[in-house]
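Descriptive analysis of the structure
The primary structure of each chain is shown beneath.
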Amino acid sequence: MNFSDTVFMGYRRPDGQAGVRNYLGVISTVTCANQAAEDIARHVAGAAVFTHQQGCGLLQNDLQIVERTLGNLGHNPNLGAVLVVSLGCEGVNAERVAGRIAESGKPVELVKIQQRGGYFGALNEAGLKAQGLVREISKLKPEPVPIRNLRLGVKCGASDPTSGLSSNPAVGKAVDRLIAAGGSAVFGETTEVIGAEHILVQRCRQQEIADRLLSVVAALENRVRQSGADMRGGNPSAGNIAAGLTTIEEKSLGAIVKSGSAPIDGVFRYGECPPWNTGLYFVDSPGREPEILAALAAAGCQIILFSTGIGAPQGFPFVPVVKISGNRKTVEHLVDFIDMDVSQILLEGETLDDAGDRILEFSTQVASGLKTKAEAIGYIGSTAIYQTGPIV
């Protein structure tokens with residue numbers, strides 16, 4: 001099916017991108033400011049809060065990861081405006097974070113708790129600023145946007161054999177359709193590339209991209225070895241083993257197919273945002289849900305496709321997460337988790353192409369305002385930023 005002429009109802013942003021939601025982002029720069037950020041967002045309709053446990057007491061490399069991630073989270077097109085909430089003495093530079101977000105052209109405000117006389121003083125100022133920002137972006141109305149402005153993130157988790165046989169390759173077909181229509185997609189989970197990297201590098205558009213992909217896989221394995229463990233030949237998830245996956249290689253071979261078959265156009269660090277060009281991009285990231293969802297949101301993804309075998313509930317504060325399963329028992333048992341049933345592939349002979357078409361069609365409905373099940377029940381608060389070193 002050709003999706004080139006497909007449109008969704010989105011919110012145009014000053015930098016030329018388009019959001020599928022129109023939230024005020026309330027972004028905490030440090031764990032000490034989390035409660036204030038949550039309380040501000042709770043009192044302002046249309047706010048989405050992002051909190052995490054980092055921001056201070058980290059090695060310099062991890063502080064840079066946090067700053068980079070927060071800045072690009074604020075850039076995400078689903079945010080119409082952003083309020084940055086800082087304690088005031090953290091290792092992260094709150095002014096740099098706010099400045100990075102402001103480069104998008106969207107309204108940005110910064111509140112420092114210590115400079116405003118503490119919690120109540122900060123809540124008073126931040127609450128009024130948040131109210132003003134929400135009222136300002138409420139003037140925006142959705143308009144028809146070409147599908148080439150859509151960027152999908154892809155992730156798999158709580159996997160079983162049906163993931164690699166149905167839901168993952170069906171998601172891959174949807175990714176291929178989107179890229180053929182001029183859109184873009186981002187995948188990651190470096191842990192689930194181990195053992196299959198020799199296949200992925202054959203799809204890299206240039207040798208330097210292939211070399212970069214191999215280097216991030218090697219760097220992850222080296223960090224694991226330094227802890228006295230070895231990723232190859234084993235599987236870190238008891239749930240995956242119970243579901244029938246026995247090795248990380250087996251898991252990886254089933255996982256990489258969710259990226260489809262398009263050439264890989266770039267490999268990026270955690271927290272970076274690839275250029276807004278047509279294509280497929282890889283972001284170096286872990287497999288654990290809170291960290292990878294944040295990486296995909298920071299990479300500009302307006303929607304995340306999450307393939308699961310035995311079921312996973314997580315959404316994200318301001319990016320709709322579509323749960324897709326090829327396990328009929330999971331679909332029937334976890335009715336409040338799963339948005340799309342693709343078990344017809346294994347049970348009823350639906351083709352992967354047709355399932356991919358259905359997934360992309362459903363994604364455009366979500367892009368036009370349809371709520372995912374995680375959004376509908378508010379299961380969107382599992383958030384974190386990846387770190388590579390110890391807390392000091």
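Within every chain, residues take consecutive numbers counted from 1 along the sequence as written. Totals for whole chains, interfaces and linings use every residue, but because this is a predicted model, local features are given only for residues with pLDDT of at least 70 and side-chain atom pairs only at 80 or more, for both listing and counting. Excluded from the side-chain calculations are hydrogens and water; all other atoms, namely the structure's heavy atoms, are used.

**Brief notes about the overall build of the protein chain**
Secondary structure elements are taken from DSSP: a helix is a run of H or I of four residues or more, a strand is a run of E of two residues or more, and numbering for both begins at the N terminus. From N to C terminus, the protein chain includes 14 helices and 14 strands. In this description the radius of gyration comes from C-alpha coordinates, and the expected globular size is given by 2.2 Å times residues to the power 0.38. The C-alpha atoms of the protein chain give a radius of gyration of 20 Å, which matches the 21 Å a tight globule of 392 residues would have. Once the C-alpha set of the protein chain is aligned to its principal axes, its extents read approximately 60 × 50 × 45 Å. Classification of the 392 residues of the protein chain by burial places 59% in the buried group. Put simply, of all contacts in the protein chain between residues at least 6 apart along the chain, 72% involve residues at least 24 apart. Using a 1.4 Å probe, accessible areas were evaluated by the Shrake-Rupley method; residue-level cover was limited to the displayed protein chains. About 15000 Å² of surface is accessible on the protein chain, with carbon and sulfur atoms providing 52% of the total. The sign given to each residue is positive for Lys and Arg and negative for Asp and Glu; His and the chain ends receive no count. To locate a charge, take atom NZ for lysine, CZ for arginine, CG for aspartate or CD for glutamate. Here the protein chain contributes 35 positive and 40 negative side-chain charges, whose respective centroids are spaced 5 Å apart. A simple rule labels every residue: compare its accessible area, found with a 1.4 Å probe on the protein chains alone, to the largest value its type can have, and call it buried under 20%, exposed over 50%, or partly exposed in between. Whether two residues are in contact is decided by their heavy atoms: any pair within 4.5 Å suffices.

**Looking at the packing of helix α2 (residues 60–75) against helix α3 (residues 94–102)**
Simply put, an axis is a line fit to the C-alpha atoms, just over the touching stretch for a helix, and the angle between two N-to-C directions goes from 0 to 180 degrees. Two elements in contact, α2 and α3, have axes separated by 8 Å at closest approach and are oriented at 35 degrees. Along this stretch, α2 crosses α3, giving a crossing that reads as right-handed. Counted together, E67, L70, G71, N72, G74 and H75 of α2 and R96, V97, R100 and I101 of α3 form the full contact between these two elements. Residues are grouped as follows: Ala, Val, Leu, Ile, Met, Phe, Trp, Tyr, Cys and Pro are nonpolar; Asp, Glu, Lys and Arg are charged; all remaining types, including Gly, are polar. Looking at the contact of α2 with α3, its residues break down into three nonpolar, four polar and three charged. In this scheme, a crossing is called left-handed if the near helix is turned counterclockwise away from the far one by less than a right angle; it is called right-handed if the turn is clockwise.

**Observations concerning the sheet that holds strand β3 (residues 23–28)**
Pairing is parallel in the open sheet, where four strands are placed in the order β4-β3-β5-β6. Each having just a single partner strand, β4 (47–50) and β6 (108–112) make up the two edges of the open sheet. Taken over all neighbouring pairs, the strand axes of this sheet differ in orientation by 20 degrees on average, direction set aside. Strands were regarded as paired on the criterion that DSSP finds at least two bridges between them. With four bridges joining them, β3 and β4 adopt parallel strand pairing. From the neighbouring strand, V26 faces β4, where its bridge partner is V49.

**Regarding a nonpolar patch on the surface**
On the surface, a nonpolar cluster with roughly 300 Å² of combined accessible area is contributed by L165, L346 and L347. By the secondary structure assignment, L165 is in helix α5 (residues 161–180). Its relative accessible area of 54% is what places L165 among the exposed residues. Only residues whose relative accessible area exceeds 30% and that take part in no salt bridge are eligible for patches, with like-charged residues grouped when within 9 Å of each other and nonpolar side chains (Val, Leu, Ile, Met, Phe, Trp, Tyr) grouped when within 5 Å. We count a salt bridge whenever a side-chain nitrogen from Lys or Arg sits within 4 Å of a carboxyl oxygen from Asp or Glu.

**Some words on the packing of aromatic side chains**
The criterion for an aromatic pair is that two Phe, Tyr or Trp rings (for Trp, the six-membered ring) have centres within 6.5 Å, with stacked assigned to planes under 30 degrees apart, edge-to-face to planes over 60 apart and tilted to the rest. Summed over all chains, the structure comprises six aromatic pairs. A centroid spacing of 5.1 Å and a plane angle of 75 degrees characterise the contact between F316 and F318, whose relative ring orientation is edge-to-face. Accessibility classification places F316 together with F318 in one group, the buried group. Among the aromatic residues, those joined into a ring-pair cluster are F50, F316 and F318. Any Lys NZ or Arg CZ found within 6 Å of a ring centre and within 35 degrees of that ring's normal is scored as a charge over the ring. The residue whose ring lies beneath K155 is F306, and the NZ or CZ to ring-centre distance is 5.2 Å. Across the ring face of F306, the terminal group of K323 is positioned such that the distance to the ring centre comes to 5.0 Å.

**Thoughts on the domain arrangement of the protein chain**
Interfaces are often sized by the amount of accessible area the parts lose when they come together. An automatic or database domain assignment supplies the residue ranges for each domain. Taken domain by domain, the protein chain consists of domain 1 (23–137) and domain 2 (148–375). A separation of 28 Å is found between the C-alpha centroids of domain 1 and domain 2. Opposite the 13 residues of domain 1 that make contact, domain 2 presents 18 residues. When the buried area of domain 1 at its contact with domain 2 is split by residue, R68, N76 and N78 rank highest and sum to 34% of it. What counts as buried area is the accessible surface, traced by a 1.4 Å probe, that two parts surrender upon association, with contributions from both included.

**Brief notes about the environment of G57**
Here G57 lies in the loop between β4 and α2. Residue class for G57 comes out partly exposed when judged on its relative accessible area of 25%. Linking G57 and G91, residues 34 residues apart in sequence, is a C-alpha distance of 6.9 Å.

**A word on the pattern of salt bridges**
Evaluated as defined, the whole model comprises 21 salt bridges. Between K129 and E109 there is a salt bridge; the shortest N-O distance is 3.6 Å. Taken together, the residues span a long stretch of sequence, with K129 in helix α4 (residues 119–137) and E109 in strand β6 at a distance of 20 residues. For K129, a relative accessible area of 23% corresponds to the partly exposed category.

**Notes on helix α1 (residues 34–42)**
Of all the positions in α1, only N34, A36, A37, D39, I40 and A41 are classed as buried. Of the surrounding elements, those touching the buried residues of α1 are β3, β4, β5 (79–86) and α4.

**Considerations on helix α7 (residues 207–226)**
Here α7 contains 20 residues, and its C-alpha end-to-end distance of 28 Å stays within 8% of the 28 Å for a straight helix at 1.5 Å per residue. Within the span of α7, buried status applies to I209, A210, L213, V216, V217, L220, E221 and V224. Burial along α7 is one-sided: seen end-on, the buried residues are contained in an arc of 130 degrees. Exposed side of α7, more than 90 degrees from the buried face: Q207, E208 and Q226 are the residues found there. On its buried face, α7 is in contact with α6 (197–200), β10 (264–268) and β11 (279–283). To estimate how far a helix should reach, multiply one less than its number of residues by 1.5 Å. The directions considered for the arc run from the helix axis to the C-beta atoms.

**Here's the deal with the sheet that holds strand β2 (residues 18–19)**
Across the sheet, three strands lie side by side as β2-β1-β7; this open sheet has antiparallel pairing. Two strands close off the open sheet at either side, each with one partner strand: β2 and β7 (143–146). For strand β1 (residues 7–12) and β7, the ladder comprises four bridges, and the chain directions are antiparallel. Counted as the bridge partner of V7 is P146 from β7.

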